[in-house]
Amino acid sequence: MKSTLIKDTTKSERIKLIKEWEETEGCESSGIDLMTYFKDYIDGVKEISEVNAAFNARYVSEIPDNDSSMSCGMGMRR
């Protein structure tokens, strides 16, 4: 697999990669526009890992103490 680092890709290759993810991951039904989400990666500003880390750092969720179920994905339990 070819490197996806900014230094190893052109802008058009990064756009193509994100479009492939949209198609294979079925993100069109998730409400997330990957082209917008990864704009900084596409523009060569941040690596994929940096984009994801910035998103995760802003995401905070708490499940009420009386709820014993876990949510899917990134939810946190107290």
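We now turn to the structure provided with this report. This one's a predicted model, so the numbers in the text were calculated from it and none came from an experiment.

### Considerations on the nonpolar core
Side chains of a nonpolar character, in soluble globular proteins, are inclined to be buried together. Ile6, Leu17, Ile18, Leu34, Phe38, Tyr41, Ile42, Ile48 and Val51 form the largest nonpolar core, which has 9 residues in total. Going through the elements one at a time, helix H1 (11–25), helix H3 (39–42) and helix H4 (48–58) are the ones with two or more residues in this core.

### Structural notes on the environment of Asp33
Residue position: Asp33 is located in the loop between H1 and helix H2 (34–37). When the C-alpha atoms of Asp33 and Glu22 are compared, they prove to be 8.3 Å apart, with 11 residues separating the residues in sequence. At 3.1 Å, the side chain of Asp33 forms a polar contact with the backbone nitrogen of Met35. Among the polar contacts listed, one links the side chain of Asp33 to the side chain of Thr36, at a separation of 2.8 Å.

### Points about the packing of aromatic side chains
Applying the stated criterion across every chain yields a total of 3 aromatic pairs. Relative to Phe38, the ring of Trp21 lies with its centre 5.5 Å away and its plane at 65°, an arrangement referred to as edge-to-face. Of this pair, Trp21 sits in helix H1 while Phe38 sits in the loop between H2 and H3, and the two are 17 residues apart along the sequence. Note on Trp21: relative accessible area 26%, which makes it partly exposed. Here Phe38 falls in the buried class, since its relative accessible area comes to 5%. Each ring, one from Tyr37 and one from Phe38, has its centre 4.6 Å from the other, and the planes form 85°; the classification is edge-to-face.

### With respect to the pattern of salt bridges
The final tally for this structure, using the stated rule, is 5 salt bridges. Of the charged contacts, one joins Asp8 and Lys7 as a salt bridge, the two residues approaching to 3.9 Å between their closest N and O atoms. Residue Lys7 is classed as exposed on the basis of its relative accessible area, which comes to 70%.

### Brief notes about the environment of Ser12
Tracing the sequence through the fold places Ser12 in helix H1. According to the relative accessible area criterion, Ser12 is exposed, its value standing at 53%. Sequence spacing of Ser12 and Asp43 is 31 residues, and the spatial spacing of their C-alpha atoms is 9.8 Å. Side-chain polar atoms of Ser12 contact the side chain of Thr10, separated by 3.1 Å.

Cut-offs used in this document
Numbering of residues starts from 1 in every chain and runs along the sequence as written. Side-chain atom pairs in this predicted model are given and counted only at pLDDT of 80 or more, local residue features only at pLDDT of at least 70, and totals for whole chains, interfaces and linings cover all residues. Side-chain descriptors were evaluated using all non-hydrogen atoms of the structure, hydrogens and water having been removed beforehand. To define a nonpolar core, start from buried Ala, Val, Leu, Ile, Met, Phe, Trp, Tyr and Cys residues and group those joined through side-chain atoms within 4.5 Å. Summary of the burial criterion: residues with accessible area below 20% of their type's maximum are buried, those above 50% are exposed, and those between are partly exposed, where the area comes from a 1.4 Å probe applied to protein chains only. Secondary structure elements are defined from DSSP: runs of H or I of at least 4 residues count as helices, runs of E of at least 2 residues count as strands, and each element is numbered from the N terminus. Two N or O atoms form a polar contact when they lie within 3.5 Å of each other; inside protein one atom must be a possible hydrogen donor and the other a possible acceptor, and for residues adjacent in sequence the pair counts only when both atoms belong to side chains. Ring geometry is summarised as follows: Phe, Tyr and Trp rings, the Trp one being its six-membered ring, pair when their centres sit within 6.5 Å, and such pairs are stacked at plane angles under 30 degrees, edge-to-face over 60 and tilted between the two. Each salt bridge in this description consists of a side-chain nitrogen of Lys or Arg and a carboxyl oxygen of Asp or Glu lying within 4 Å of one another.

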